[in-house]
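Structure assessment
So you can see what is in the structure, the chains are spelled out below.
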Amino acid sequence: RCQSFNTDKQRKSNRNLLDNASNLLTNFLSGGSIGSMPIAEGAVTDLFGRPLFFSLYDWFLEHGSVYKLAFGPKAFVVVSDPIVARHILRENAFSYDKGVLADILEPIMGKGLIPADLDTWKQRRRVIAPGFHASYLEAMVKIFRTCSERTISKINQHLEQEGNDGQKLIELDLEAEFSNLALDIIGLGVFNYDFGSVTKESPVIKAVYGTLFEAEHRSTFYIPYWKVPLTSCIVPRQRKFQSDLKIINACLDELIRNAKESRQETDVEKLQQRDYLNLKDASLLRFLVDMRGADVDDRQLRDDLMTMLIAGHETTAAVLTWATFLLSQNPDKMRKAQAEVDSVLGTGTPTYESLKKLQYIRLIVVESLRLYPQPPLLIRRSLKPDVLPGGYKGDKDGYAIPAGTDVFLSVYNLHRSPYFWERPDEFEPERFLVQRTNEQIEGWAGFDPSRSPGALYPNEIISDFAFLPFGGGPRKCVGDQFALMESTVALAMLLQNFDVQLKGTPDSVELVTGATIHTKNGLWCKLTKRSNLH
Ligand code: HEM
């Protein structure tokens, strides 16, 4: 099924005329010297049998770090190389938009940052990104802690009820618990709304999950039938989606109205002085409304909030899920993590300052993101003809692509590339402590923490785009530090309180993907209260 077409003869027989003509035009326009891109041909069954990113990995090993994937008439360029990723995400970022992803997300997020057109994006990014500054994050740590405490006390209550005198143990789907926890945190941190989902169910929570479910369905369903007129009235799941959106929008509209009506000059002063710890409401919405006055368009604000609600919820829940999964299979690392938590926190709770000392927990979080990146693929479409660098082991002349080319940047492949990582499939948080200079790979600068001085967590700059947990370049995640600190606090508090074991075998935890990698039937674990709690 997968063949490499590197010879002229093979190439001629497998490319159609139109493709050649468009490539010729691109070559002419770009003026580059063009190599031949390897081609993998997919069967439609590849789209359904298992997560697509697994097949993309096999083809990466077979065809190299830039290849063209053809599914019948549809073709994508698949990139698994830091040099090419750097080109697309940073050096030539504005020659690309979000393509298919924007088509899918626009009905949900409107003109929010992720699907936004370039003009809207430029305006909103300038306004939103400053909201995530250090004082805001410091204030958020309190929210991370309070919400994690709720989860811990819920588990403790279960233990009290279900445990017997001899052994107190409960079985719990931790993925569901992490999802509730992340929803509560994003609600409070972004728009000061307490979903309270750790302890209750409500129509708004149900609507949020319904919308996420639909976003996921759309990202894995390859025919956008929901665009056909009247489907939103006729198809039951589309009708439900519309009604879910209505519920969330009504909730967000009310929050925006309240935030605008309760705007107070004293709060504005505190915000200006970055006096977040003395603010009653330190949410991002407060910042956006107060610092910009009444001139913010409500519709745009709603799109921004909805985008952050969706972007910041499942992703963080997934990090916690896979970190727990990985630790459960590496008991020595679990013990090492618990020893660190005990020595840094004792019986206390994490603070902004103590996060700096929880180095091993931080490394566990980033190593989990390396092995299970959320999302596993970044999606782009070229707005104009471009020449991609050949990348590591690729054609030195690079590859010309015409305008309108759909690109899958496989973060999963990059993070597990045998060319850039030692023992790429192993869970080794310690790997980020080893500095690696690079002489062998032309065009790639190796790992060097001094490139990002003061960074609490390894990032794309330190790794020169070999590690891309939050993307890179101008469209990099705005919530990266929020998410990393949130995950560190929640994981530290879980490990401080409980010993966690997987209920079944690791193989029984099946993977599924939509926007994120999650489990098919939950992460069922056995939890016991730690006996050596001080
Ligand atoms: C963008 C990952 C948490 C808000 C992105 C991108 C990635 C990412 C990879 C880049 C997408 C691309 O280039 O196509 C993650 C992960 C998270 C996380 C792994 C959790 C572990 C959050 C949180 C928020 C957030 C907590 C908000 C509070 C956003 C926004 C964008 C974005 C608004 C779009 C940025 C832009 O285009 O300017 N995220 N994210 N994310 N993320 Fe996150």
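Residues numbered from 1 in each chain as written. Predicted model: local features only at pLDDT ≥ 70, side-chain atom pairs only at ≥ 80, totals over all residues. Heavy atoms only, no water.

Moving on, we come to the nonpolar core. Within the largest apolar cluster, 137 residues are counted, with the highest numbers of intra-cluster contacts made by Leu-56, Phe-191, Leu-285, Leu-309, Phe-482, Leu-491 and Leu-527. Top element by residues in this core is helix H14 (residues 298–328). It accounts for 15 residues. The residues contacting Phe-482, other than those within four sequence positions of it, are Phe-132, Tyr-136, Leu-137, Met-140, Phe-144, Ile-185, Ile-186 and Gly-189. Counting 19 residues, the second-largest nonpolar core is a separate cluster that includes Met-37, Val-66, Val-77 and Val-84. (Core = buried A, V, L, I, M, F, W, Y, C linked by side-chain atoms within 4.5 Å. Buried < 20%, exposed > 50% of the residue type's maximum accessible area, 1.4 Å probe, protein only. Helix = DSSP H or I, 4+ residues; strand = E, 2+ residues; numbered from the N terminus. Contact = heavy atoms within 4.5 Å.)

We now examine the site of the ligand. Near the ligand there are 28 residues, and of these Trp-121, Arg-125, Gln-374, Arg-380 and Cys-477 occur at the shortest range. Lys-98 places a polar side-chain atom, nitrogen or oxygen, 3.5 Å from an oxygen atom of the ligand. Elements supplying a minimum of two residues to the shell around the ligand: helix H6 (118–128), H14, strand S6 (377–382) and helix H19 (480–497). Class assignment for the residues of the shell around the ligand results in 17 nonpolar, 6 polar and 5 charged. (Near = heavy atom within 4 Å. Polar contact = N/O pair within 3.5 Å; in protein donor to acceptor, adjacent residues only side chain to side chain. Nonpolar A, V, L, I, M, F, W, Y, C, P; charged D, E, K, R; others polar.)

What follows concerns the packing of helix H8 (residues 174–191) against H19. The geometry of H8 relative to H19 is characterised by a closest axis approach of 12 Å and an angle of 135° between their N-to-C directions. Considering the angle they form, H8 stands oblique to H19. Seen along the crossing, H8 lies across H19 with a hand that is right-handed. Each of Phe-178, Leu-181, Ala-182, Ile-185, Ile-186 and Gly-189 in H8 lies in contact with H19, whose residues at this interface are Phe-482, Glu-486, Ala-490 and Leu-494. A per-class count over the contact of H8 with H19 returns 8 nonpolar, 1 polar and 1 charged. (Axes fitted to C-alpha atoms, helices over the stretch in contact; angles between N-to-C directions. Parallel < 35°, antiparallel > 145°, perpendicular 65-115°, else oblique. Left-handed = near helix turned anticlockwise from the far one by under 90°.)

The gaps of empty space that remain are located by a probe, the size of a water molecule, rolled over the atoms. All chains considered together, the criterion is met by 3 cavities of 30 Å³ or more. In terms of lining residues, the largest cavity is bounded by Val-366, Tyr-457, Pro-458, Asn-459, Glu-460, Pro-469, Phe-470, Lys-476, Asp-480, Gln-481 and Leu-484. It is H19 that provides the largest number of residues to the lining of the largest cavity, a total of 3 residues. Grouping the constituent residues of the lining of the largest cavity by class yields 6 nonpolar, 2 polar and 3 charged. (1 Å grid on protein atoms, 1.4 Å probe; cavity = no way out; pocket = protein on both sides within 12 Å on 5 of 7 lines; lining within 4 Å. Points joined across faces, edges and corners; volume = space filled by probe spheres on them.)

Within the structure shown, the criterion is met by 25 aromatic pairs. Measuring from ring centre to ring centre gives 5.1 Å for Phe-144 and Phe-482, while their planes differ by 80°; the resulting arrangement is edge-to-face. Placement of the pair is Phe-144 in helix H7 (residues 134–162) and Phe-482 in helix H19, with a sequence separation of 338 residues. For Phe-144, a relative accessible area of 0% gives the class buried. Taking the relative accessible area as the measure of exposure, Phe-482 reaches 5% and is therefore buried. Aromatic side chains Phe-325 and Tyr-372 sit 6.5 Å apart centroid to centroid with 85° between the ring planes, which places their arrangement in the edge-to-face category. (Phe/Tyr/Trp six-rings, centres within 6.5 Å; stacked < 30°, edge-to-face > 60°.)

Time to look at the confidence of the model for the chain. Residues of the chain with pLDDT of at least 70 account for 89%, and the chain-wide mean is 86. For this predicted complex, the interface confidence comes out at an ipTM of 0.99, alongside a pTM of 0.90. (pLDDT = per-residue confidence, 0-100.)

A word on the coordination of the iron atom of the ligand. Among protein atoms, the single one acting as a donor to the iron atom of the ligand is Cys-477 (SG), 2.3 Å away. When you line up the elements, Cys-477 lands in the loop between helix H18 (411–415) and H19. (Donors = N, O, S within 2.8 Å, 3.2 Å for Na, K, Ca; no water.)

On to unusual backbone geometry, then. The amide bond that connects Gln-374 to the next residue, Pro-375, takes the cis arrangement and shows omega of -5°. Within the secondary structure layout, Pro-375 lies in the loop between helix H17 (359–371) and S6. Its identity as a non-glycine residue notwithstanding, Asp-464 has a phi of 45°, on the positive side. Looking at the element boundaries, Asp-464 is found in the loop between H18 and H19. Overall, the relative accessible area of 9% leaves Asp-464 in the buried class. Phi at Phe-465 takes a positive value of approximately 70°, unusual for a residue other than glycine. Turning to its location among the elements, Phe-465 is positioned in the loop between H18 and H19. Exposure remark for Phe-465: the relative accessible area of 1% places this residue in the buried category.

On to the side chain of Glu-367, then. Note on placement: Glu-367 falls in helix H17. According to the relative accessible area criterion, Glu-367 is buried, its value standing at 0%.

The 3 strands are arranged S5-S13-S10 in an open sheet whose pairing can be described as antiparallel. Every interior strand has two partners, whereas the edge strands, strand S5 (169–173) and strand S10 (498–502), have only one. Looking at each pair of strands side by side, their axes are set apart by 30° on average, direction ignored. Where S5 meets strand S13 (residues 524–529), 5 bridges bridge the pair, whose relative direction is antiparallel. The partner of Ile-170 across the bridge, within S13, is Leu-527. Sheet strands in contact with H8 are S5, S10 and S13, and its direction is about 65° off that of S5. (Pairing = 2+ DSSP bridges.)

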